[in-house]
Amino acid sequence: VPATRVELTVSCRQLLDRDTFSKSDPLCVLYTQRPGSHQWREFGRTEVIDNSLNPDFLHKFILDYCFEERQNLRFDLYDVDSKTPDLSKHDFLGQAFCTLGEIVGSAGSRLEKPLIGIPGKKCGTIILLAEELGNCRDVATLQFCANKLDKKDFFGKSDPFMVFYRSNEDGTFTICHKTEVVRNTLNPVWAAFAIPVRALCNGDHDRAIKVEVYDWDRDGSHDFIGEFTTSYRELAQGQNHLNVYQVVNPRKKMKKKKYLNSGTVTLLSFAVEAEHTFLDYIRGGTQLNFTVAIDFTASNGNPSQPTSLHYLSPFQLNAYSLALRAVGDIIQDYDSDKMFPALGFGAKVPPDGHVSHEFPLNGDASNPACRGIAGVLEAYQRSLRRVQLYGPTNFAPVVNHVARSAATVLDGSQYFVLLIITDGVISDMAQTKEAIVNAAKLPMSIIIVGVGQAEFDAMVELDGDDIRISSRGKVAERDIVQFVPFRDYMSGGPGAGLSMAGLAREVLAEIPDQLLSYMKARGIKPPPIPPMSPETSP
């Protein structure tokens, strides 16, 4: 159990300049190692900062800090030249190695290291700051406007934006928010923004918050208009005469006797609410309803042949059974009745041999639910002996089947998870996309596990991590699909249990955030935890 979580802030100074006509556009990539492994895995990336050799990255890395483990970290810097996520297409600017303990253990938990990795060149330095995250879960929503800011552009007015910094224990400042740029005005009204309270002040309501106001310039050399300081306690008083700030440029103030300010910034509104977690909803009684859909199309191969993905060997489970067990064993803990509807698609079913894309594995159309994961496995094996594998591979009917159930409980008391296990050759892409776009409005998520050796390009497209899925010009309002290829976790032999845990982790990783995105979009708060009844309390 990680003792605590820390937030890492990354800055660099005097990076190499790899661009001919402007400065480098740096990006920092963090790699970590699993305990006992020497393999580096990408943990995350910061944003790209245009035209800067001294970037202060806004994106934070949040890591579990385990005192008793050596947690190796590697930071790679790149000059980004195009939109591609492929790092080999960008210029390498240097790297640094350290451990999380090294950063946490430095004075003020601030570590400076030279960047290395390009022979014969000084690559500059990296500055790493670790701050333990308080468990404050409040989120503040703030909105500001400004009046009579200094005009900085030769033609036209200024293009103002603001940068917020929280102060650290040692008196330095860490960037925590940038507003958008409002073009060509000296009286901007910025959009309201939400920010975790801990990001603004790390739970210390009197800690100084510094705000700088700039005029945006395309080449990255933004003009400083002025600054002011405030604190969370002051901001929390909301709109009043105290929350009107004079924007002061200290250099102008030194030079000009009569200088008053470079404009004013006014707080228009302030609100704070607790950010709810997945566990808040689970504790409050939200149930996960788990439905399984299994691909019975002929492309899986004849079930009586050992080469078939559906082959039932007396000695080991096939890929369909393994995937079902790996995911089901975890998800069943969140489903109180342990009854799981199980469907098949793409087979000819008795008595008349018609092709069905949503037939009950237990043979009972009025109630396709099976008892426990064991019940689903049993019904699956029985079905294999009853139906004839056929085609085509249509996903839309099972997606719509679960969507109909989800549409009847929109109050947050239930959340539906559909697990589709398939060999991946989909026939009704357009209809499936439409079904997913419609389902994204409902309390449901879809997990697709691809078995076999096919190309899963269509599944990756449905996953929507890179490009949000759309149908007939309508974009899905949430990303609700997670796709995982089973073969990435297929290591037979003694390590098989470990790889199944990996599969389950990967498959279920997005469910908590997907559930939260539904609750948030619908404004559903977790119910208070029910009080213990006298007979159950200890």
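In this text the structure is predicted, and so the values were computed from the model without any measurement.

Caption draft 1: Examining the overall build of the protein more closely. The secondary structure content of the protein amounts to 12 helices and 28 strands. Across its three principal axes, the protein shows a C-alpha extent of roughly 95 × 60 × 55 Å. Relative to its 538 residues, the protein shows a buried fraction of 50%. Long-range pairs, those at least 24 residues apart, make up 69% of the contacts in the protein with a sequence separation of at least 6. Per element, the accessible surface of the protein, about 26800 Å² overall, is 53% carbon and sulfur. For the protein, the distance from the average position of its 56 positive side-chain charges to the average position of its 65 negative side-chain charges is 5 Å.

Caption draft 2: Region of interest: the layout of surface pockets. In this structure, the second largest pocket spans a volume of roughly 600 Å³. Around the second largest pocket, the lining is made up of 25 residues, and of these Ile49, Phe161, Lys178, Gly220 and His222 lie nearest the centre. Secondary structure elements with two or more residues in the lining of the second largest pocket: β10 (160–167), β11 (173–178) and β13 (208–215). With 3 residues, β10 is the largest single contributor of residues to the lining of the second largest pocket.

Caption draft 3: A look at the nonpolar core. Counting residues in each nonpolar core, the largest one holds 50 residues, and the members touching the most others are Phe290, Phe296, Ile447 and Leu503. Aside from chain neighbours lying at most four places away, what touches isoleucine 447 is Val327, Val417, Leu418, Leu419, Ile420, Gln482, Val507, Leu508 and Ile511. With 33 residues, the next largest nonpolar core counts Leu343, Phe345, Ala435 and Ile469 among its residues.

Caption draft 4: Broad picture of the sheet that holds strand β23 (residues 388–389). The strand order β20-β19-β23 describes an open sheet built from 3 strands, whose pairing is antiparallel. Of all the strands in the sheet, the pair left with one neighbour each is β20 (354–356) and β23. Relative to β20, strand β19 (residues 347–349) runs antiparallel, the two being bridged by 3 bridges. Counted as the bridge partner of lysine 348 is valine 355 from β20.

Caption draft 5: Inspection of the pattern of salt bridges at higher detail. Across all of its chains, the model carries 20 salt bridges by this definition. The salt bridge involving aspartate 86 is made with lysine 89; its shortest N-O contact spans 3.1 Å. By relative accessible area, which is 54% here, lysine 89 ends up exposed. With a closest N to O distance of 4.0 Å, aspartate 204 and arginine 207 form a salt bridge. Judged by relative accessible area, aspartate 204 falls into the partly exposed class, the value being 35%. It is possible to trace a salt-bridge network through shared partners that takes in Glu7, Glu131, Arg166, Asp204 and Arg207.

Caption draft 6: Layout of the domain arrangement of the protein. The domain architecture assigned to the protein consists of domain 1 (4–133), domain 2 (138–274) and domain 3 (290–313 + 332–500 + 509–522). Taking only C-alpha atoms, the centre of domain 1 and the centre of domain 3 are 39 Å apart.

Caption draft 7: Region of the structure containing the environment of serine 383. With respect to the element layout, serine 383 can be found in helix α7 (residues 372–386). The sequence separation of serine 383 and tyrosine 415 amounts to 32 residues, and the corresponding C-alpha distance is 27 Å. With residues near it in sequence (within four places) discarded, serine 383 still touches Phe296, Phe359 and Leu361.

Caption draft 8: Fine view of the environment of lysine 148. Relative to the elements of secondary structure, lysine 148 occurs in the loop between β9 (138–147) and β10. Owing to a relative accessible area of 68%, lysine 148 belongs among the exposed residues under this scheme. Considering only alpha carbons, one finds lysine 148 and threonine 264, 116 residues apart in sequence, at a separation of 6.8 Å. When sequence neighbours within four positions are dropped, the list of residues in contact with lysine 148 reads Leu186, Asn187, Ser262 and Gly263.

Caption draft 9: Highlighting the pairing of strand β17 (residues 287–295). The buried fraction of β17 amounts to 8 of the 9 residues, a majority that puts the element mostly inside the structure. With 8 bridges connecting them, β17 and strand β24 (residues 414–422) associate as parallel partners. By the bridge assignment, isoleucine 294 is partnered in β24 with isoleucine 421. Taking the sense of rotation as the criterion, the β-α-β connection linking β17, helix α6 (residues 319–331) and strand β18 (residues 339–345) turns out right-handed.

Caption draft 10: Here's a closer look at the sheet that holds strand β6 (residues 91–99). On the basis of which strands lie adjacent, the open sheet formed by 4 strands has the order β3-β2-β5-β6 and antiparallel pairing. The sheet is open, and its two borders are formed by β3 (40–45) and β6, each paired with just one other strand. Ignoring which end each strand starts from, the neighbouring axes of this sheet average 25° apart. Inspection of the sheet shows strand β2 (residues 26–33) paired to strand β5 (residues 72–79) by 7 bridges, in the antiparallel sense. The residue bridging threonine 32 from the neighbouring strand is leucine 73, located in β5.

Caption draft 11: Spatial organisation of the side chain of threonine 422. Along the chain, threonine 422 turns up in strand β24. The exposure class of threonine 422 is buried, given its relative accessible area of 0%. If sequence neighbours within four positions are ignored, threonine 422 has contacts with Asp295, Tyr320, Thr393, Phe395, Ile448, Val449, Gly450, Val451, Phe456 and Met459.

Caption draft 12: Main features of the state of the cysteines. Within the structure shown, the criterion is met by 0 disulfides. Residue cysteine 28 stays outside any disulfide, its sulfur separated by 6.1 Å from that of cysteine 12, the closest cysteine. Residue cysteine 28 is classed as buried on the basis of its relative accessible area of 0%. Cysteine 176 carries a free sulfur, and the closest cysteine sulfur to it, the one in cysteine 201, is 9.2 Å from it. Given the relative accessible area of 11%, cysteine 176 is considered buried.

Caption draft 13: The arrangement of the pairing of strand β12 (residues 193–196) in detail. Only one face of β12 is buried: it carries Phe193 and Ile195, and the other face, with Ala194 and Pro196, is open. Direction of pairing for β9 relative to β12: antiparallel, over a ladder of 4 bridges. In the strand pairing of β12, valine 139 is matched with proline 196.

Caption draft 14: Structural detail: helix α9 (residues 429–439). Those residues of α9 lying buried are Met429, Thr432, Lys433, Ala435, Ile436, Val437 and Ala439. For α9, the elements touching its buried residues are α8 (396–406), β25 (444–450), α10 (457–463), β26 (470–471), β27 (474–475) and β28 (481–485).

What counts, and where the lines are drawn
Residues numbered from 1 in each chain as written. Predicted model: local features only at pLDDT ≥ 70, side-chain atom pairs only at ≥ 80, totals over all residues. Heavy atoms only, no water. Helix = DSSP H or I, 4+ residues; strand = E, 2+ residues; numbered from the N terminus. Buried < 20%, exposed > 50% of the residue type's maximum accessible area, 1.4 Å probe, protein only. Contact = heavy atoms within 4.5 Å. Areas by Shrake-Rupley, 256 points an atom, 1.4 Å probe, with all protein chains shown as cover. Lys, Arg positive; Asp, Glu negative; His and termini not counted. Charge placed at Lys NZ, Arg CZ, Asp CG, Glu CD. 1 Å grid on protein atoms, 1.4 Å probe; cavity = no way out; pocket = protein on both sides within 12 Å on 5 of 7 lines; lining within 4 Å. Points joined across faces, edges and corners; volume = space filled by probe spheres on them. Core = buried A, V, L, I, M, F, W, Y, C linked by side-chain atoms within 4.5 Å. Pairing = 2+ DSSP bridges. Salt bridge = Lys/Arg side-chain N within 4 Å of Asp/Glu carboxyl O. Domains from an automatic or database assignment. Right-handed = clockwise from strand over helix to strand, strands pointing away. Axes fitted to C-alpha atoms, helices over the stretch in contact; angles between N-to-C directions. Disulfide = S-S within 2.5 Å.

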